[in-house]
Amino acid sequence: MQLTPPGLLCLLLVSSLAWAEEETDSSLVLPIVARAEETGFQAGLLLLHYLDSTPALSRDSRFQGIALTTEEDQYLVALSSNLQFNSQRFTVNLNTRLWPSTYFGIGPDSDLEDEYEISGDKLVLKHEYKLFRDWWLGGVLQFEQNEIEVQDGNTELTADSNDRIAGLGVSLARDQRDDTQHPTSGSLFRLQSLSFNDSVGSDFDYESNELGYSHYFPIDNAVSIAVSLQLNSQHGDIPFWDLNTPDGSNLLRGIERGRYRDKSLAGLQAEYRWKFSERFGLVVFTEVAQVARNFSSFEADGFINSSGVGARWQMIAGQTLNLRADFSYVDDESGFIINVGEAF
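Residues numbered from 1 in each chain as written. Predicted model: local features only at pLDDT ≥ 70, side-chain atom pairs only at ≥ 80, totals over all residues. Heavy atoms only, no water.

Focus on the overall build of the chain
Our working rule: In this description a helix means any DSSP run of H or I spanning at least four residues, a strand means any run of E spanning at least two, and both kinds are numbered starting from the N terminus. As a reference, a globule follows 2.2 Å times the number of residues to the power 0.38, and the radius of gyration itself is taken over C-alpha atoms. Two residues qualify as a contact provided that any one of their heavy atoms is within 4.5 Å of a heavy atom in the partner residue. We get accessible surface area from the Shrake-Rupley algorithm with a probe of 1.4 Å; when it comes to residues, only the shown protein chains can shield them.
Each helix and strand counted, the chain has 0 helices and 17 strands in total. What you see for the chain is a C-alpha radius of gyration of 20 Å, in line with the 20 Å of a compact globule of 344 residues. Considering only C-alpha atoms, the chain reaches an extent of 55 × 45 × 40 Å along its principal axes. The contacts of the chain with a sequence gap of at least 6 include a subset with a gap of at least 24, amounting to 55%. Roughly 16,200 Å² of accessible area belongs to the chain as shown, and the carbon and sulfur atoms make up 55% of that amount.

Quick look at the structure:
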């Protein structure tokens with residue numbers, strides 16, 4: 001969940017209301033005020049609540065939400081839940097938004113800047129079963145309804161639209177991490193494939209595949225190194241707003257989401273993590289990503305780099321979920337991202 005768009009100039013985290021000091025506390029409410037060039041001032045509210053752990057329910061099970069509005073009449077409300085049992089995991093993500101944005105075209109070299117407004121709702125459901133040891137098999141449902149309103153004078157986006165995508169798929173994961181929220185050792189392999197077609201109510205027919213691998217190397221009790229590889233590919237008739245793109249928060253931190261879009265994406269990340277106190281830490285990161293029509297079209301000098309430093313704050317004592325602030329230099333510009341949870 002990205003709390004502020006790339007290009008953030010200043011951030012003020014106003015006082016945390018609610019109960020983050022004791023080990024037994026499980027809830028937090030955090031008002032947020034920010035400013036960005038493309039949005040003006042922003043004001044929002046972050047809510048986080050952990051469920052009481054039981055022999056069957058993991059202590060990492062939680063609900064979280066954010067409500068955000070901006071000076072430019074942009075709105076976002078997002079809710080999510082993550083329930084982790086001994087042999088099952090349930091994930092729900094729901095958001096609704098009204099967000100004027102810029103369409104930069106498709107491909108790594110496009111220089112379009114068409115203005116449009118997107119409003120709609122998105123729902124993603126995932127239910128995973130533990131097969132054996134560290135292997136998980138899941139089913140995935142994605143539904144998204146978006147209304148696009150284009151601005152006068154656009155060169156490529158020239159007509160309004162109201163489109164729906166609906167897809168079903170499967171996921172496979174091997175999760176050997178020591179912690180799902182802030183891993184410092186182990187690894188995570190994940191594979192997901194979704195099919196969107198009219199039989200499940202989609203206006204577009206296409207397939208979307210994702211492969212990811214992350215590994216975490218502990219150096220000592222306070223320091224670890226994390227690396228991650230991401231490969232995404234799509235085939236078929238894909239709406240531009242669902243094409244693969246570095247999101248600017250978890251990959252190519254600081255870039256504007258949608259600046260580079262295409263059917264195939266590759267990303268590689270590395271991060272040095274130092275937890276210097278019980279609830280505070282620092283990171284140094286570097287990452288590269290590229291989009292293209294297919295993997296054979298990738299070029300060695302076509303990767304975009306984002307590098308920088310970040311701060312971490314453990315929001316609730318006894319829980320490892322961090323609020324992160326990452327400062328980056330990407331695509332010849334500076335960026336600043338606030339988010340909940342690690343980038344990978």
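There's plenty left to go through after this.
Observations concerning a nonpolar patch on the surface
For clarity, the cut-off: The residues that make up patches have over 30% relative accessible area and no salt bridge, and they are joined within 9 Å when like-charged or within 5 Å when they are Val, Leu, Ile, Met, Phe, Trp or Tyr. Here, a salt bridge means any Lys or Arg side-chain nitrogen found within 4 Å of an Asp or Glu carboxyl oxygen.
Together, Phe217, Ile219, Ile225, Tyr272, Trp274, Phe276, Phe280, Leu282, Val284, Val309 and Phe327 give the surface a local cluster of nonpolar side chains, amounting to about 1,000 Å² of exposed area. With 3 residues, the top contributor of residues to the nonpolar patch is strand 14 (residues 280-292).

Details of the side chain of serine 187
Stated precisely, the cut-off is as follows: Only protein chains enter the accessibility calculation, which uses a 1.4 Å probe; a residue is then buried when its area is under 20% of its type maximum, exposed when over 50%, and partly exposed in between.
Within the fold, serine 187 resides in strand 10 (residues 186-196). Overall, the relative accessible area of 6% leaves serine 187 in the buried class. If sequence neighbours within four positions are ignored, serine 187 has contacts with Arg174, Asp175, Gln176, Arg177, Tyr213, Ser214, His215 and Tyr216.

Some remarks on the environment of threonine 155
Along the chain, threonine 155 falls in the loop between strand 8 (135-150) and strand 9 (161-175). For the pair formed by threonine 155 and phenylalanine 280, sequence separation is 125 residues and the distance between their alpha carbons is 48 Å.

So, the packing of aromatic side chains
Threshold: Two aromatic rings from Phe, Tyr or Trp, using only the six-membered ring of Trp, form a pair when their centres are within 6.5 Å; if the ring planes differ by under 30 degrees the pair is stacked, by over 60 it is edge-to-face, and anything between is tilted. The rule is short: NZ of Lys or CZ of Arg within 6 Å of the ring centre and within 35 degrees of the ring normal puts a charge over the ring.
Scanning the model with the defined rule gives 9 aromatic pairs in all. When the centroid spacing of 5.4 Å and the interplanar angle of 85° are considered together, the rings of tyrosine 116 and phenylalanine 240 count as edge-to-face. With tyrosine 116 in strand 7 (residues 114-132) and phenylalanine 240 in the loop between strand 12 (223-236) and strand 13 (264-274), this pair connects stretches of sequence that are 124 residues apart. There is no split in this pair, since tyrosine 116 and phenylalanine 240 are both buried. Ring geometry for phenylalanine 327 versus phenylalanine 336: centroids 4.2 Å apart, planes at 10°, classification stacked. The side chain of arginine 89 reaches across the aromatic face of tryptophan 136, ending 4.0 Å from its centre. Of note, arginine 259 hangs over the ring of tyrosine 260, and the distance from its end group to the ring centre comes to 4.7 Å.

Re the pattern of salt bridges
Within the structure shown, the criterion is met by 13 salt bridges. With a shortest N-O distance of 2.9 Å, arginine 253 and glutamate 271 are connected by a salt bridge. Residue arginine 253 is located in the loop between strand 12 and strand 13, and its partner glutamate 271 is located in strand 13; the two are separated by 18 residues in the primary sequence. Like arginine 253, the residue glutamate 271 is buried in the burial classification. We note a salt bridge from glutamate 271 to arginine 273, for which the minimum N-O separation is 2.7 Å. A relative accessible area of 2% means that glutamate 271 is categorised as buried. Under the relative-accessibility criterion, arginine 273 is labelled buried at 3%.

Description of the nonpolar core
Short version of the rule: Throughout, nonpolar core names a set of buried Ala, Val, Leu, Ile, Met, Phe, Trp, Tyr and Cys residues whose side chains join them through atoms within 4.5 Å.
Ranked by internal contacts, the top residues of the largest apolar core, which has 20 residues, are Tyr116 and Phe240. Put simply, the parts of the chain that give this core at least two residues each are strand 6 (88-103), strand 7, strand 8 and strand 10. Every residue in contact with tyrosine 116, bar those within four places of it in the chain, is listed here: Trp99, Pro100, Ser101, Thr102, Tyr103, Ile148, Glu149, Val150, Gln151, Leu157, Phe240 and Arg261. In this structure, Leu28, Leu48, Tyr50 and Leu321 belong to the second largest nonpolar core, which totals 14 residues.

Re the environment of glutamate 115
Stated formally: Two N or O atoms form a polar contact when they lie within 3.5 Å of each other; inside protein one atom must be a possible hydrogen donor and the other a possible acceptor, and for residues adjacent in sequence the pair counts only when both atoms belong to side chains.
Mapped onto the elements of the fold, glutamate 115 is located in strand 7. You can call glutamate 115 partly exposed: its relative accessible area is 36%. Residues glutamate 115 and serine 171, 56 residues apart in the sequence, show an inter-C-alpha distance of 35 Å. Setting aside chain neighbours within four positions, we find glutamate 115 in contact with Ser101, Thr102, Val150, Gln151 and Asn154. A distance of 3.3 Å separates a polar atom in the side chain of glutamate 115 from a polar atom in the side chain of threonine 102.

This is a description of form; function is not addressed.
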